[in-house]
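Architecture and fold: a report
These are the residues of each chain, in order.
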Amino acid sequence: MEFRQLGKSDIHVPVVCFGTWAIGGWMWGGSDDKAAIRAIQHGVELGVTCIDTAPMYGMGRSEQVVGQAIAGRRDRVVVATKCGLRWDLEQGEFFFITKDNNGKALKVYRNLRPESIRLECEQSLRRLGVDVIDLYQCHWPDSTCPLDDTMAELLQLRKEGKIRAIGVSNFTPEMMAACLKHGEVASDQPLYSPLNRGIEADVVPFCIEHKVGILAYSPLVQGLMTGKITLEREFEEDDLRHGHPWFTRENRQKVLDMLEHVKPIAENHDATLAQVALAWVVAQPGLTAALAGARNERQVEENAVAGDIQLAADEIKAIRDLVEALDLG
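Keep in mind that what you see is a predicted model, and the values were worked out from it rather than measured.

1. Here we look at the packing of helix H8 (residues 273-282) against helix H9 (residues 297-306)
Running from amino to carboxyl end, H8 crosses H9 at an angle of 45 degrees, the nearest separation of the two axes being 8 Å. With respect to each other, H8 and H9 are oriented oblique. Crossing handedness for the pair H8 and H9: right-handed. Residues Ala 274, Gln 275, Leu 278 and Ala 279 of H8 touch H9, and the partners they reach there are Glu 302, Asn 303, Val 305 and Ala 306.

2. Concerning the packing of aromatic side chains
By the definition in use, this model includes 5 aromatic pairs. An angle of 20 degrees between the planes, with centres 6.0 Å apart, marks the rings of Trp 21 and Tyr 57 as stacked. Here Tyr 57 lies in the loop between strand S4 (50-52) and helix H2 (61-70) and Trp 21 lies in the loop between strand S3 (16-19) and helix H1 (33-45), a separation of 36 residues in the sequence. A relative accessible area of 21% means that Trp 21 is categorised as partly exposed. Measuring from centroid to centroid gives 4.8 Å for Phe 95 and Phe 96, while their planes differ by 65 degrees, and the two rings are edge-to-face. With relative accessibility at 25%, the residue Phe 95 sits in the partly exposed group. A residue is classified by how much of its surface remains accessible, and Phe 96, at 22% relative accessible area, is partly exposed. Site record: aromatic cluster; members linked through ring pairs are Phe 95, Phe 96 and Trp 140.

3. A word on the pattern of salt bridges
The final tally for this structure, using the stated rule, is 19 salt bridges. Arg 38 serves as the salt-bridge partner of Glu 297, at 3.8 Å between the closest nitrogen and oxygen. A residue pair is termed long-range when its members are at least 10 positions apart, and Glu 297 in helix H9 and Arg 38 in helix H1 qualify at 259 residues. Under the relative-accessibility criterion, Glu 297 is labelled partly exposed at 34%. Accessibility expressed as a relative area gives 42% for Arg 38, which makes it partly exposed. Through salt bridges that share partners, Asp 10, Arg 74, Asp 134 and Arg 164 make up one connected network.

4. A short note on the nonpolar core
In terms of nonpolar packing, the biggest core is built from 85 residues, with Tyr 136, Leu 195, Met 258 and Leu 311 touching the most fellow members. Of all the elements, H8 adds the most residues to this core, at 9 residues. If we ignore the near neighbours within four places in the chain, the residues touching Met 258 are Leu 195, Met 225, Leu 322, Val 323 and Leu 326. Formed by 14 residues, the second largest nonpolar core is a distinct cluster that contains Ile 11, Cys 50, Val 78 and Ala 80.

5. A closer look at the side chain of Asp 100
Residue placement: Asp 100 occurs in the loop between strand S7 (93-99) and strand S8 (105-110). Comment: no salt bridge for buried Asp 100; closest opposite-charge side chain is Lys 104, at 5.7 Å. Polar contacts involving the side chain of Asp 100 include one to the main-chain amide nitrogen of Asn 102, which spans 2.8 Å. At 2.8 Å, the side chain of Asp 100 and the backbone nitrogen of Lys 104 are in polar contact. Each residue touching Asp 100, except ones within four places of it in the same chain, is listed here: Met 59 and Leu 106.

6. Observations regarding the pairing of strand S13 (residues 289-293)
Taken across its 5 residues, S13 has 4 buried, putting it largely inside the fold. Note: S3 against S13, 4 bridges, orientation parallel. Within the sheet, the bridge partner assigned to Cys 17 lies in S13 and is Leu 291.

Reading guide: rules and limits
Residues numbered from 1 in each chain as written. Predicted model: local features only at pLDDT ≥ 70, side-chain atom pairs only at ≥ 80, totals over all residues. Heavy atoms only, no water. Axes fitted to C-alpha atoms, helices over the stretch in contact; angles between N-to-C directions. Helix = DSSP H or I, 4+ residues; strand = E, 2+ residues; numbered from the N terminus. Parallel < 35°, antiparallel > 145°, perpendicular 65-115°, else oblique. Left-handed = near helix turned anticlockwise from the far one by under 90°. Contact = heavy atoms within 4.5 Å. Phe/Tyr/Trp six-rings, centres within 6.5 Å; stacked < 30°, edge-to-face > 60°. Buried < 20%, exposed > 50% of the residue type's maximum accessible area, 1.4 Å probe, protein only. Salt bridge = Lys/Arg side-chain N within 4 Å of Asp/Glu carboxyl O. Core = buried A, V, L, I, M, F, W, Y, C linked by side-chain atoms within 4.5 Å. Lys, Arg positive; Asp, Glu negative; His and termini not counted. Polar contact = N/O pair within 3.5 Å; in protein donor to acceptor, adjacent residues only side chain to side chain. Pairing = 2+ DSSP bridges.

See below:
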């Protein structure tokens, strides 16, 4: 597994990190905590030693599962979590309405106010069972709170030793520039995959120029790039893919047809389509790592192998040409 420095920080992460949105159950049709714990622990043994979570993933459930999984392994892992989404307090910028894992309706607000960040940090430390969070990220920007105030609190938490490095997620270059006026930002966590390449226009150039790491989330497009989501697959109503336009039968067929042309590249590396997609993501300029989710040991094994695959320049270009020609409407 290749490791890379995260921005200017002293943190080094594997090119394939463990994303834990799905193991929180929320918006993924539930989850098996015991299987998730085994997957995380097995991932650590395979070099997938950076684990990215968030309070929002199952309203604390994902962090609790991660905490159980890393008990006794703390010195071997980089723990990354987030702040800024509140489902228990109607304060800040209204974001969306959702349901928790028990079906209870909730209103979610973006909240990066100092007092909220501090409370969330303390709660995350308890759920995770750690004394310090390695990478603490703003989950989404909050238009109701000045970034000056947000950064001041994050820098204070770092000074107190509660966090090691500051990160952001879903921030624009302008927002990151505002943060950098006050202190170091180790990383940004944006949506990025072969099918979602929007950040290449502005976020990637900014991060390269300012030495901000990039942790790509949803690099496999919720499984669409694996070739395993066939036309027969049905999604439950509490699954975020239910009703998503990219997961219509028509668009799934387009992706499956495109992936037929990627298969020779995968075969050349004795790899799966998912592994090739992850390898493609981390081969892009400015990308530090890809956050790949896994619900069981088999899936984390598949993800880990991707960290050792080196695609040739012509293979990287061939995949880009294929996805750029794809029209999903």
